[in-house]
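The primary structure of each chain is shown beneath.
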Amino acid sequence: MVGYDPRANRGSPTPEEAALAGSAGGMVTRALISPFDVIKIRFQLQIERVSSQRREGKYWGIFQASRSIYSEEGLTAFWKGHIPAQLLSICFGAVQFVTFEFLTKMVHKSTPYDSRTPGVHFVCGGLAACSATVACQPLDTLRTRFAAQGEPKVYSNLRYAVSTMWRSEGPVAFYRGLSPTLVAVFPYAGLQFFFYNVFKQLLAPPSKSKDSGGNVRSLICGSGAGMISKTLTYPFDLFKKRLQVAGFEKARAHFGQVRTYTGLIDCAVQIVEEEGIRGCFKGLSPSLLKAALSTGFTFFWDPSCPEWTAEGNVCQKMC
């Protein structure tokens with residue numbers, strides 16, 4: 001498993017193996033779930049209600065949004081922001097996996113606690129995700145802005161986006177949305193580790209029986225853990241996206257109404273007052289599909305575990 005396990009036949013994976021597992025799994029998974037990510041971001045940034053019953057805004061459902069994006073922007077629009085997203089997956093996965101491996105090993109060797117328990121996984125998983133979030137936040141902001149822009153594009157490529165943001169908004173622009181991310185990333189990642197470990201124990205085969213479904217069980221456990229964690233912490237992800245596009249209003253004008261927020265508290269208050277509690281969960285449906293696929297396949301493809309059982313991995317990110 002990823003994370004220190006003193007019972008493993010060949011010990012825990014090396015930091016290099018853990019980094020490779022996180023990066024490789026993240027690259028493949030990111031390419032597959034990118035369309036859901038673009039639709040989710042479009043829903044999150046829409047001020048108007050996202051509802052097929054009351055069609056107030058540009059988008060009101062997953063299928064309608066998919067048709068609209070395809071007809072107006074082409075098939076490649078579903079992979080807008082894919083390059084910074086891939087860099088984000090590689091960076092985040094490597095930092096998170098290595099940090100989690102280091103922390104669980106340190107807990108096992110320096111404390112009386114068992115490194116395999118859900119409680120230890122909760123704390124170590126959250127701290128590992130916090131470390132990766134701070135390191136990779138600029139890539140997350142770039143990914144959001146690329147996915148949020150329509151046609152014609154404001155940012156033609158990654159180099160132009162970085163230089164434009166640096167000149168016009170300063171370095172602080174790359175860390176917009178960091179506060180809600182840090183508030184939510186610890187419980188999100190920790191809950192992923194926690195629920196995965198709980199589901200794994202609930203679905204574990206009897207000790208005397210032959211385990212023939214390790215990968216499928218890991219896929220089910222990972223998907224369930226990702227969906228529960230995403231739902232519990234989702235409003236913070238929406239707050240982050242709204243804050244990340246501050247200063248990017250020009251690219252958002254033709255999508256509908258635009259709002260400006262001074263910070264996390266102001267953002268949350270304005271959304272609740274104007275859009276209601278349901279406004280904090282815009283884009284949840286494509287987000288859950290994305291979380292289930294992302295977490296499940298990341299667990300499923302973990303090569304650092306003996307016999308390819310992929311037990312104990314963690315999803316790439318709360319995003």
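Residues numbered from 1 in each chain as written. Predicted model: local features only at pLDDT ≥ 70, side-chain atom pairs only at ≥ 80, totals over all residues. Heavy atoms only, no water.

By the naming in an unreviewed UniProt entry, the protein chain is Mitochondrial thiamine pyrophosphate carrier, taken from Poecilia mexicana. In its Function (unreviewed entry) section, the UniProt entry covering the protein chain states "Mitochondrial transporter mediating uptake of thiamine diphosphate into mitochondria. It is not clear if the antiporter activity is affected by the membrane potential or by the proton electrochemical gradient." Quoted verbatim from the Catalytic activity (unreviewed entry) field of UniProt, the annotation for the protein chain is "thiamine phosphate(out) + thiamine diphosphate(in) = thiamine phosphate(in) + thiamine diphosphate(out)". (UniProt positions renumbered as here; feature names shortened; annotations may be inferred.)

Enquirer: I'd love a proper account of the overall build of the protein chain, names of residues and values included.
Expert: Scanning the protein chain for helices and strands turns up ten helices and zero strands. Order of helices (α) and strands (β) in the protein chain, N terminus to C terminus: α-α-α-α-α-α-α-α-α-α. Going through the 319 residues of the protein chain one by one, you find that 54% of them count as buried. In the protein chain, the proportion of contacts linking residues at least 24 apart, taken out of those at least 6 apart, comes to 78%. When the accessible surface of the protein chain is split by element, carbon and sulfur atoms take 65% of a total near 13800 Å². (Helix = DSSP H or I, 4+ residues; strand = E, 2+ residues; numbered from the N terminus. Buried < 20%, exposed > 50% of the residue type's maximum accessible area, 1.4 Å probe, protein only. Contact = heavy atoms within 4.5 Å. Areas by Shrake-Rupley, 256 points an atom, 1.4 Å probe, with all protein chains shown as cover.)

Enquirer: An account of the nonpolar core is requested, with residue identities and associated values reported.
Expert: The biggest cluster of nonpolar side chains holds 23 residues, and the ones touching the most others in it are Ile 39, Tyr 59, Ile 69, Tyr 155, Met 165 and Phe 248. Of all the secondary structure elements, the ones that give two or more residues to this core are helix H1 (15-45), helix H2 (62-73), helix H4 (118-148) and helix H5 (158-168). Residue contributions to this core peak at five residues, all from H1. In contact with Tyr 155, not counting residues within four places along its chain, are Arg 145, Phe 146, Gln 149, Tyr 160, Ala 161, Thr 164, Met 165, Glu 169 and Phe 248. (Core = buried A, V, L, I, M, F, W, Y, C linked by side-chain atoms within 4.5 Å.)

Enquirer: Talk me through the confidence of the model for the protein chain; I want residue IDs and the actual numbers.
Expert: Taken residue by residue, the protein chain gives an average pLDDT of 81. The fraction at 70 or more is 81%. The secondary structure element of the protein chain with the lowest average pLDDT is helix H10 (residues 284-300), at 75, and the one with the highest is helix H9 (residues 264-275), at 95. Below a pLDDT of 50 lies the segment residues 303-316, which in the model reaches 65 contacts outside its immediate sequence neighbourhood of four places, other chains included. (pLDDT = per-residue confidence, 0-100.)

Enquirer: So what's going on with the pattern of salt bridges? Which residues, and what values?
Expert: Here the structure, examined in full by the defined rule, presents 19 salt bridges. Asp 140 is the partner of Arg 143 in a salt bridge, and the nearest nitrogen-oxygen pair spans 2.6 Å. Here Arg 143 and its partner Asp 140 are both found in helix H4, three residues apart, which amounts to about one turn of the helix. Across this residue pair, the class does not change: Arg 143 and Asp 140 are buried. In this structure, Asp 237 engages Lys 240 in a salt bridge whose closest nitrogen and oxygen atoms are separated by 3.5 Å. Taken together, the positions of Asp 237 and Lys 240, both in helix H7 (residues 214-244) and three residues apart, correspond to about one turn of that helix. Residue classification places Lys 240 among the buried residues on the basis of a relative accessible area of 0%. (Salt bridge = Lys/Arg side-chain N within 4 Å of Asp/Glu carboxyl O.)

Enquirer: So what's going on with H4? Which residues, and what values?
Expert: Compared with an ideal rise of 1.5 Å per residue, which puts 31 residues at 45 Å, H4 spans 37 Å between its outermost C-alpha atoms and falls more than 12% short. Taking the largest bend as the criterion, H4 deviates by roughly 60°, centred on Cys 136, and proline Pro 138 comes between one and four positions later. Within H4, 22 of the 31 residues are buried, which leaves it mostly tucked inside the rest of the structure. (Expected span 1.5 Å × (residues − 1). Bend = angle between axes of the 7 residues up to and from the residue.)

Enquirer: Describe in detail a nonpolar patch on the surface, supporting the description with residues and values.
Expert: A surface patch of nonpolar side chains, amounting to about 510 Å² of accessible area, comprises Met 27, Val 28, Leu 32, Ile 83, Leu 87 and Ile 90. Breaking the nonpolar patch down by element, the ones donating at least two residues are H1 and helix H3 (82-110). Turning to its location among the elements, Leu 32 is positioned in helix H1. Classification of Leu 32 by relative accessible area gives exposed; the value is 51%. (Patch = residues over 30% accessible without salt bridge, like charges linked within 9 Å, V, L, I, M, F, W, Y side chains within 5 Å.)

Enquirer: Quick one: what's the story with unusual backbone geometry, residue by residue and with numbers?
Expert: The peptide bond linking Glu 151 to Pro 152 adopts the cis configuration, its omega dihedral lying at -5°. By secondary structure assignment, the location of Pro 152 is in the loop between H4 and H5.

Enquirer: A description of the packing of H4 against H5 should follow, citing residues and the corresponding values.
Expert: Following both chains from N to C, one finds H4 and H5 inclined at 110°, their axes separated by 11 Å at the closest point. It follows from the interaxial angle that H4 and H5 lie roughly perpendicular. Contacts between H4 and H5 involve Thr 141, Leu 142, Arg 145 and Phe 146 on the former and, on the latter, Leu 158, Ala 161, Val 162 and Met 165. For the contact of H4 with H5, the residue count by class is six nonpolar, one polar and one charged. (Axes fitted to C-alpha atoms, helices over the stretch in contact; angles between N-to-C directions. Parallel < 35°, antiparallel > 145°, perpendicular 65-115°, else oblique. Nonpolar A, V, L, I, M, F, W, Y, C, P; charged D, E, K, R; others polar.)

Enquirer: Summarise the packing of aromatic side chains; cite the residues concerned and give the values.
Expert: Applying the stated criterion across every chain yields a total of nine aromatic pairs. When the ring of Tyr 234 is compared with that of Phe 281, the centres are 6.2 Å apart and the planes differ by 15°; the resulting orientation is stacked. A residue pair is termed long-range when its members are at least 10 positions apart, and Tyr 234 in helix H7 and Phe 281 in the loop between H9 and H10 qualify at 47 residues. With a relative accessible area of 30%, Phe 281 lands in the partly exposed category. Their ring planes at 80° and their centres at 6.0 Å tell us that Phe 236 and Phe 239 sit as a pair that is edge-to-face. Taken as a pair, Phe 236 and Phe 239 lie in helix H7 at a separation of three residues, close to a single helical turn. Accessibility expressed as a relative area gives 7% for Phe 239, which makes it buried. (Phe/Tyr/Trp six-rings, centres within 6.5 Å; stacked < 30°, edge-to-face > 60°.)

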